[in-house]
Number of protein chains: 2
Amino acid sequence: MVESVEDVQHEKLTPDELRDAWPVLDSEERLEGFHLLPREEAEDFFLELSSRGQASVLQGMPARERRAWVRLMPPDDVADLLGEFSAEERNELCCLLDDSTRREVNALLAYEEDEAGGLMNPRFARVRPEMTVEEAIRYVRRQAPHLETIYYVYVLDNEQRLLGVVSFRELLLAPGDKPVREVMHEDVITVPEELDQEAVARVIAQHDILAVPVVDAEKRVKGIVTVDDVVDVVETEATEDIQKIGGTAALDAPYLQTSIVQMVKKRAGWLAVLFVGELFTASAMSRYQGELQKALVLSLFIPLIISSGGNSGSQASTLVIRAMALDQVRLRDWWRVVRRELSSGLVLGLILAAIGALRVVVWQALFHSVPHDAYPLIALTVAFSLIGVVTWGTLTGAVLPLVLRALRFDPASASAPFVATLVDVFGLVIYFNVAQLMLAGKLL
Amino acid sequence: MVESVEDVQHEKLTPDELRDAWPVLDSEERLEGFHLLPREEAEDFFLELSSRGQASVLQGMPARERRAWVRLMPPDDVADLLGEFSAEERNELCCLLDDSTRREVNALLAYEEDEAGGLMNPRFARVRPEMTVEEAIRYVRRQAPHLETIYYVYVLDNEQRLLGVVSFRELLLAPGDKPVREVMHEDVITVPEELDQEAVARVIAQHDILAVPVVDAEKRVKGIVTVDDVVDVVETEATEDIQKIGGTAALDAPYLQTSIVQMVKKRAGWLAVLFVGELFTASAMSRYQGELQKALVLSLFIPLIISSGGNSGSQASTLVIRAMALDQVRLRDWWRVVRRELSSGLVLGLILAAIGALRVVVWQALFHSVPHDAYPLIALTVAFSLIGVVTWGTLTGAVLPLVLRALRFDPASASAPFVATLVDVFGLVIYFNVAQLMLAGKLL
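Residues numbered from 1 in each chain as written. Chains lettered and ligands numbered in written order. Predicted model: local features only at pLDDT ≥ 70, side-chain atom pairs only at ≥ 80, totals over all residues.

## Here we look at the overall build of chain A
Then step 1. A tally of helices and strands in chain A yields 20 helices and six strands.
Then step 2. Along the longest, intermediate and shortest principal axes, the C-alpha atoms of chain A span 95 × 60 × 35 Å.
Then step 3. By residue count, 47% of the 444 residues in chain A fall in the buried class.
Then step 4. For chain A, contacts bridging at least 24 residues in sequence account for 68% of all contacts bridging at least 6. (Helix = DSSP H or I, 4+ residues; strand = E, 2+ residues; numbered from the N terminus. Buried ≥ 20, exposed ≤ 12 C-beta atoms within 10 Å, placed from the backbone. Contact = placed C-beta atoms within 7 Å.)

This is the structure in structure tokens:
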């Protein structure tokens, strides 16, 4: 394990070695390692880093050295980078840029980081509709040095409004004297500036395109979002959802780079909320002390019953949350979800009830752990309670994300622990009520 | 809500309308809707569908109609499509292909669907190192009609071994009489044929590249994986992980398109396993019936204590599972994870202990629910138990995914419900042992 810079101070360092060690180096060691790379490789390495990583390299550098590195970066990456610095440092960094880049960066900073405008690159290949194909190819070749991609060439009118798109490959294949207007596609997929980045990712993934133009209300093209930006978005959004489903706030940073104080903060909030929720189980339990006094045997199955509800609820909520994130389930589908989960819950409950009843019967045969005349009733109590609790848990788990969405909260907040907590209290109520029905006059 | 084909039988249908209705249409309705699209839009729509969606369209078509549609598809998509059909239908479909595509498809079918070889497109732009830049551009233009992308041009020797790569944009910018050898990059990022698709996605995302060549042991290029294939992979893998974390088997299909029978099958297995695990709580409880008999008040806090362990365990396991999926935590980092989670667990335990003790004290003041002389001891029992249970839960949740990885199982199987179940039994043991220590001679 490479844990300090000593390990990476060879004569020569490869980018892969540095990439491997990167997460465990502090910012000084990172800079040292970075300086050990040959210049061209250092440039590639720098451009591949996350904004956070680029910031950690730049922070260690003297100001005069920074200019060359910042000028390597396309404007959308500079805009992201600035987000990592304080307002004061941000101004200093902006001064290092050339005028046109600074204008582009400032325009980008007006957008939220997580919307299409904040994700886009303002530099893209553009041509006029009246150009011939050969003229367009020559024109794009002249723009190419400043562009991230020339894969798609956008056809704009005099007011920068989008008329169509043609791939560079199609230009190469078309007859050279045809006007661009005749080879372009007019039905261009676009996204509005303020579209959420997750939705932008979905558009790109769904249409299998390599870039999508971002347009304002007048259909003027402001920039393009490329698919490589979107891979990161899909991964980041999935990570946030997973962390929420697990019952923590999103970490916003790699696990090992989150300080323990940060980590506890992100987790303590939800854990405390869940704990306060669980306190109601104590209140519920106190209502049933009389029953327990008379039939202590009921206590045996309390953890079993409530956790079965929690587990089935976790399953249902996780499935529905993910399906909603992928747009496979929308709010208007709620009734179909309820029907499906009601049947699934009942079947699952029946399966567990059968196993549970079997357990009581077998244990009775082996250990006689329950008063003899009551054990068929205990078995039935456990079985009926399981059917009720599992059905209830499944239904709660499925409906809760829909309710949260309807109230404009994030459905992913209906985490497994949250559902389990909600279900626990009701699980106890169901269990003891079934017991009262089954055992009244016998044990109770 | 568009729930049947009647709603979509307008004079003319737009692709967006069909896409909206798609998930809720049966396969006959899909075909009808599909036939309502203008031919060119139908082609685009067809190519954007998932393999499953394409299969559902083709299945409804008469065989003579199928040929035109299958021939639209690039070989890697055809290979995926065949996976949706039975062996017999597969042969029929293969007969519809032209000879060269059939050979390519057969080569692709030799790979697993979820490795680099199964994901790649065997058609890519290739040139020889001794060509001049102008020759190379002309040569790529001739290949372009058969290629998905010409963004990267790969430089191969006579044995198809990879010598370097140059982007088409760089070719356009280079002096036309230079040999390709002098403008190409020699340090090409490649992936081996059998690399898992998740790792391929990570390589592409990390290096911000639009495609990566797949090479065999002799460095011969077999195909390329493009970034648009990878967006789907990232999303699919995240979905599978999320579903596993929620304690179900991966659904492999959109939520609303999974039949209830399938749904129950995917869920019942894990739920039954967890239930059998939970049965141990009943055994644990039966060991402590004596204590409960003497101090029934202990029963009040059973759900609270065990669920606190489960919740903190869910948090820890979810964080570690996701960090491992993103390669932020590797097996060799286990000691760092243990140290972090031990401290986090202790702090979180202390926080919940404080809230828990406060609850006992306040309730006592309000309701006198506990025998008067014992309540400070009960409060301490609850507090110490919470510290122990939360620390134990956190540690178990964090270590379990690492253990699963070490045993070559999928870490994501350490689902929230699985951890909660494991922790429940130990939670009871901790609670009653603390109670024995604290209350011996008083209540017990």
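Let's pick the thread back up.
## Quick word on the interface of chain B and chain A
Then step 1. Facing the 96 residues of chain B at the interface are 95 residues of chain A.
Then step 2. Considering each element in turn, the side of chain B that touches chain A owes the most residues, 16 residues, to helix H16 (residues 260-287) of chain B.
Then step 3. Broken down by class, the residue content of the side of chain B that touches chain A amounts to 54 nonpolar, 25 polar and 17 charged. (Nonpolar A, V, L, I, M, F, W, Y, C, P; charged D, E, K, R; others polar.)

## Some details on the packing of helix H17 (residues 302-325) of chain A against helix H20 (residues 416-439) of chain A
Residue and element names in this part refer to chain A.
Then step 1. One can describe the packing of H17 onto H20 by two numbers: an axis separation of 8 Å at closest approach and a directional angle of 140 degrees. It follows that H17 is oblique to H20 by the angle criterion. When the axes of H17 and H20 are compared, the crossing they make is right-handed. Taking contact as the criterion, the partners of Ile305, Ile306, Gly309, Gly310, Gly313, Ser314, Ser317 and Thr318 in H17 are, on H20, Ala416, Val419, Ala420, Val423, Asp424, Gly427, Leu428 and Tyr431.
Then step 2. For the contact of H17 with H20, the class distribution of residues is eight nonpolar, seven polar and one charged. (Axes fitted to C-alpha atoms, helices over the stretch in contact; angles between N-to-C directions. Parallel < 35°, antiparallel > 145°, perpendicular 65-115°, else oblique. Left-handed = near helix turned anticlockwise from the far one by under 90°.)

## What about the domain arrangement of chain A?
Then step 1. Taken domain by domain, chain A holds domain 1 (5-112), domain 2 (125-236) and domain 3 (255-439).
Then step 2. Just the C-alpha atoms count here: the centres of domain 2 of chain A and domain 3 of chain A sit 51 Å apart. (Domains from an automatic or database assignment.)

## Some words on the nonpolar core
Then step 1. If you look at the biggest cluster of nonpolar residues, it comprises 226 residues, and the most contacted ones within it are Val153 of chain A together with Val153 of chain B.
Then step 2. The greatest single-element share of this core, amounting to 16 residues, is contributed by H20 of chain A.
Then step 3. Other than its neighbours up to four places away in sequence, Val153 of chain A contacts Ala125, Val127, Ala136, Val140, Val166, Phe168 and Leu171 of chain A. (Core = buried A, V, L, I, M, F, W, Y, C linked by C-beta atoms within 7 Å.)

## Here we look at the sheet that holds strand E6 (residues 221-226) of chain B
Residue and element names in this part refer to chain B.
Then step 1. Overall, mixed pairing links the three strands, which are arranged E4-E5-E6 in an open sheet. Unpaired on one side and paired on the other, strand E4 (191-192) and E6 mark the two borders of the sheet.
Then step 2. Inspection of the sheet shows E4 paired to strand E5 (residues 211-215) by two bridges, in the parallel sense. Within E5, the position partnered with Val191 by the bridge is Val214. (Pairing = 2+ DSSP bridges.)

## Comments concerning the pairing of E5 of chain B
Residues and elements named next belong to chain B.
Then step 1. With five of five residues buried, E5 lies mostly within the body of the structure.
Then step 2. Both faces of E5 are covered, namely the face carrying Ala211, Pro213 and Val215 and the face carrying Val212 and Val214.
Then step 3. As paired elements, E5 and E6 share five bridges and run antiparallel to each other. Bridge pairing in E6 places Pro213 opposite Ile224.

## Description of the relation of the copies chain B and chain A
Then step 1. Note on the identical chains: chain B maps onto chain A by a rotation of 180 degrees and an axial translation of 0.1 Å, with an RMSD of 0.3 Å. The transformation just described matches what one would write down for a two-fold rotation axis.
Then step 2. A share of 99% of the interface residues of chain B reappears at the interface of chain A, consistent with the copies meeting face to face through the same patch. (Least-squares fit on C-alpha atoms with pLDDT ≥ 70 in both.)

## Quick look at the sheet that holds strand E1 (residues 125-127) of chain B
Residues and elements named next belong to chain B.
Then step 1. Taken in spatial order, the three strands make up an open sheet running E1-E2-E3, and their pairing is mixed. Each edge of the open sheet is held by one strand with a lone partner, namely E1 and strand E3 (162-167). Averaged over all adjacent pairs, the angle separating strand axes in this sheet is 30 degrees, with direction ignored.
Then step 2. Summarising the sheet, E1 and strand E2 (residues 152-156) pair through three bridges and their orientation is parallel. Within E2, the residue paired with Ala125 across the bridge is Val153.
Then step 3. Contacting E1 and E2, helix H11 (residues 133-143) runs over the sheet at an angle of about 145 degrees to E1.

## So, H20 of chain A
Residue and element names in this part refer to chain A.
Then step 1. The terminal C-alpha atoms of H20, which comprises 24 residues, lie 33 Å apart, in line with the 34 Å expected from a rise of 1.5 Å per residue.
Then step 2. Taken across its 24 residues, H20 has 20 buried, putting it largely inside the fold.
Then step 3. Two residues or fewer past H20, Gly441 is found with a positive phi of approximately 85 degrees. (Expected span 1.5 Å × (residues − 1).)

## Comments concerning the packing of helix H18 (residues 302-325) of chain B against helix H19 (residues 334-367) of chain B
Residues and elements named next belong to chain B.
Then step 1. In the contact formed by H18 and H19, the axes pass within 12 Å of each other and the chain directions differ by 150 degrees. Classified by the interaxial angle, the pair formed by H18 and H19 is roughly antiparallel. Remark: the crossing between H18 and H19 carries right-handed chirality. Along the contact surface, H18 presents Ser308, Ser312, Ala316 and Val320, while H19 presents Val337, Glu341, Gly345, Leu348 and Leu352.

## Quick notes on the environment of Thr381 of chain B
All names here are of chain B.
Then step 1. With respect to the helices, strands and loops of the structure, Thr381 is situated in helix H20 (residues 375-406).
Then step 2. Along the backbone, Thr381 and Gly356 are 25 residues apart, and their C-alpha atoms lie at a distance of 10.0 Å.
Then step 3. Not counting the four nearest positions on each side in its chain, Thr381 is found in contact with Val434, Ala435, Met438 and Leu439.

## Remarks on the environment of Ala412 of chain B
All names here are of chain B.
Then step 1. Looking at where Ala412 falls in the secondary structure, it is placed in the loop between H20 and helix H21 (416-439).
Then step 2. Residues Ala412 and Gly246, 166 residues apart in the sequence, show an inter-C-alpha distance of 9.4 Å.
Then step 3. When near neighbours in sequence (up to four residues on either side) are disregarded, Ala412 contacts Asp241, Lys244, Ile245 and Ile321.

## Regarding unusual backbone geometry
Then step 1. If you check the backbone angles, Lys219 of chain A has positive phi at about 65 degrees while not being a glycine.
Then step 2. The partly exposed category is assigned to Lys219 of chain A, around which 16 C-beta atoms lie within 10 Å.

## A word on the pairing of strand E3 (residues 162-167) of chain A
Residue and element names in this part refer to chain A.
Then step 1. Across five bridges, strand E2 (residues 152-156) lies against E3 in antiparallel orientation. Counterpart to Leu156 in the pairing with E3 is Leu162.
Then step 2. Count of turn residues in the E2/E3 antiparallel hairpin: five residues, of which Gln160 carries a positive phi of about 65 degrees.

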